[in-house]
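Structure assessment
Now for the letters of each chain:
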Amino acid sequence: MSKSHEPTGVTPRVRTIADLARLAGVTAGTVSRALAGKELISLETRERIQKLADEHGFRPNQMARRLRTQRTGVIGVVVPLGHERRQHLSDPFFMTLLGHLADALTENGYDLMLSRIIPDADDWLERIVTSGMLDGVLLIGQSDQFEAIERVAAGYRPLVVWGSTLPGQVHCAVGVDNRLGGRLAAERLVARGRRRLAFLGEIRTLELIERHRGVCDALADAGLEPPLQLDTHLASDIMADEIAAHVGRLLPGYDGIVAASDVIAMRTIRALVDQGVAVPERIAVTGFDDLPLAESMVPRLTTVRQDLVRGGRAMVDALFARIAGRDAPSLEMAPELIVRDSA
């Protein structure tokens, strides 16, 4: 018996599009178009071919399809950490935004490749976008890599970044007006009668620099001295000890704290309570992000909301537009002050 034939009475195996085409009595091109849902093929024929494919457990060769279309079906989601090499992907902000991005990508039939990058050379982003493995790249944060992102964006279109937007900026960014957000947080504290404020957070990343500037704006307008800026790393393994030391510096003279993130704010409230300091009666605290944890902690956190649901969708929509060759400008969303118990 020839090895190219199945034994009599055995259902023919369907390994290729050509096998399925013979079984369906159509051309291989018709099968390919039918499985791709092309409307050039009648609905009746598409449904018949799909039914045969399901019955025989046939799945198209995705690699071959990707070679034909010059698409990988994969989007890179990259977290650059030039400013904070010890920060982890388990950070609640990263995980929240990543979840929204993953939902939007998979709903559109794409896989994602997640990378936590410590920029070790000037061309770290060039190496990612020219790898041939990705159809586009989403960056979560600008870190301290603004110039590197600008350089790559000038020649690589399917790149969208979560972060701030500056005048004349080349790369497409989605995020909130961080300067206005910092102002809103400080204005809330001033309205509560607080007169000596501290800002807990680094000012080496564009987003946090802008938040700090907003706090300074609000205090200047109120005729108050600038905030005491205390470096507070976002790496969870050192944040608690840093904040505990900061609290010692803030007592007894300071009565308000603007934290650069919700995670810093929550750790700060814990450190204050551990030292017997009432929040907000003695020191009021605001955060930034409005993560799900902000409403469930005690006291509930007053914070500045970044709409991560809308932002995640906007990033993916902008990326798909750019993959298709269309333009997609940056989006700067308005921050919203969420008033709860801590301030």
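Residues numbered from 1 in each chain as written. Predicted model: local features only at pLDDT ≥ 70, side-chain atom pairs only at ≥ 80, totals over all residues. Heavy atoms only, no water.

**A short note on the pattern of salt bridges**
When the charged atoms of two side chains with opposite charge come close together, those side chains can pair. Summed over the entire model, instances satisfying the criterion amount to 19 salt bridges. Across the pair Arg127 and Asp120 runs a salt bridge, and its minimum N-O distance is 2.9 Å. Judged by relative accessible area, Arg127 falls into the partly exposed class, the value being 44%. Between Glu202 and Arg204 there is a salt bridge whose closest N-O contact spans 3.2 Å. We classify Arg204 as partly exposed; its relative accessible area is 41%. Among the charged side chains, a network of salt bridges with common partners joins Asp290, Arg305, Glu336 and Arg340. (Salt bridge = Lys/Arg side-chain N within 4 Å of Asp/Glu carboxyl O. Buried < 20%, exposed > 50% of the residue type's maximum accessible area, 1.4 Å probe, protein only.)

**Quick look at the pairing of strand E6 (residues 197-200)**
Strand residues, when the strand is regular, have side chains that alternate between the two faces of the sheet. Residue alternation in E6 divides its side chains into two sets, Leu197 and Phe199 and Ala198 and Leu200, and both sets are buried. Inspection of the sheet shows E6 paired to strand E8 (residues 256-259) by four bridges, in the parallel sense. Across the sheet, Leu200 pairs through a bridge with Ala259, a residue of E8. Two elements, E6 and strand E7 (residues 228-230), share three bridges in a ladder whose sense is parallel. Following the sheet pairing, Phe199 is matched in E7 by Gln229. In this fold, the crossover linking E6 to E7 by way of helix H9 (residues 206-221) has right-handed handedness. (Helix = DSSP H or I, 4+ residues; strand = E, 2+ residues; numbered from the N terminus. Pairing = 2+ DSSP bridges. Right-handed = clockwise from strand over helix to strand, strands pointing away.)

**As for the domain arrangement of the chain**
We note that the domain assignment places domain 1 (17-69), domain 2 (74-176 + 308-334) and domain 3 (178-305) within the chain. One C-alpha centre belongs to domain 2, the other to domain 3; they are set 27 Å apart. Each partner contributes residues to the interface: domain 2 has 21 residues there, and domain 3 has 19 residues. For the domain 2 and domain 3 pair, buried surface summed over both sides reaches about 1600 Å², with 58% attributable to carbon and sulfur atoms. Our count for the contact surface shared by domain 2 and domain 3 stands at three residue pairs in polar contact (both at pLDDT 80 or more). In terms of residue count, helix H5 (residues 92-107) provides more of the side of domain 2 that touches domain 3 than any other element does, three residues in total. In terms of residue class, the side of domain 2 that touches domain 3 is built from seven nonpolar, 10 polar and four charged. (Domains from an automatic or database assignment. Contact = heavy atoms within 4.5 Å. Buried area = accessible area lost by both parts, 1.4 Å probe. Polar contact = N/O pair within 3.5 Å; in protein donor to acceptor, adjacent residues only side chain to side chain. Nonpolar A, V, L, I, M, F, W, Y, C, P; charged D, E, K, R; others polar.)

**Notes on the sheet that holds strand E2 (residues 111-117)**
Read across the open sheet, the six strands follow the order E2-E1-E3-E4-E5-E11; overall the sheet is parallel. Looking along the sheet, the strands with just one partner apiece sit at the ends: E2 and strand E11 (331-333). This sheet shows a mean twist of 15° between the axes of neighbouring strands, independent of strand direction. When strand E5 (residues 172-176) meets E11, the two strands line up parallel, connected through three bridges. (Axes fitted to C-alpha atoms, helices over the stretch in contact; angles between N-to-C directions.)

**Some words on the confidence of the model for the chain**
Of the residues in the chain, 92% reach a pLDDT of 70 or more, and the chain-wide mean stands at 88. The low-confidence segment residues 1-10, where pLDDT is below 50, has four contacts with residues more than four positions distant or belonging to other chains. (pLDDT = per-residue confidence, 0-100.)

**Quick notes on the sheet that holds E6**
Strands sit in the order E7-E6-E8-E9 across an open sheet of four strands; the sheet is parallel. Each edge of the open sheet carries a strand with a single partner, namely E7 and strand E9 (284-286). This sheet shows a mean twist of 20° between the axes of neighbouring strands, independent of strand direction.

**Things to note about H9**
The terminal C-alpha atoms of H9 lie 23 Å apart, and with 16 residues this matches the ideal 22 Å at 1.5 Å per residue to within 8%. Turning to H9, its buried residues number three or more, namely Leu206, Glu207, Leu208, Glu210, Arg211, His212, Gly214, Val215, Ala218 and Leu219. Looking at the buried positions of H9, the neighbouring elements they touch are helix H7 (146-153), strand E4 (159-162), helix H8 (178-191), E6, E7 and E8. Of the residues flanking the end of H9, it is Gly223, one or two places downstream, whose phi is positive at about 75°. (Expected span 1.5 Å × (residues − 1).)

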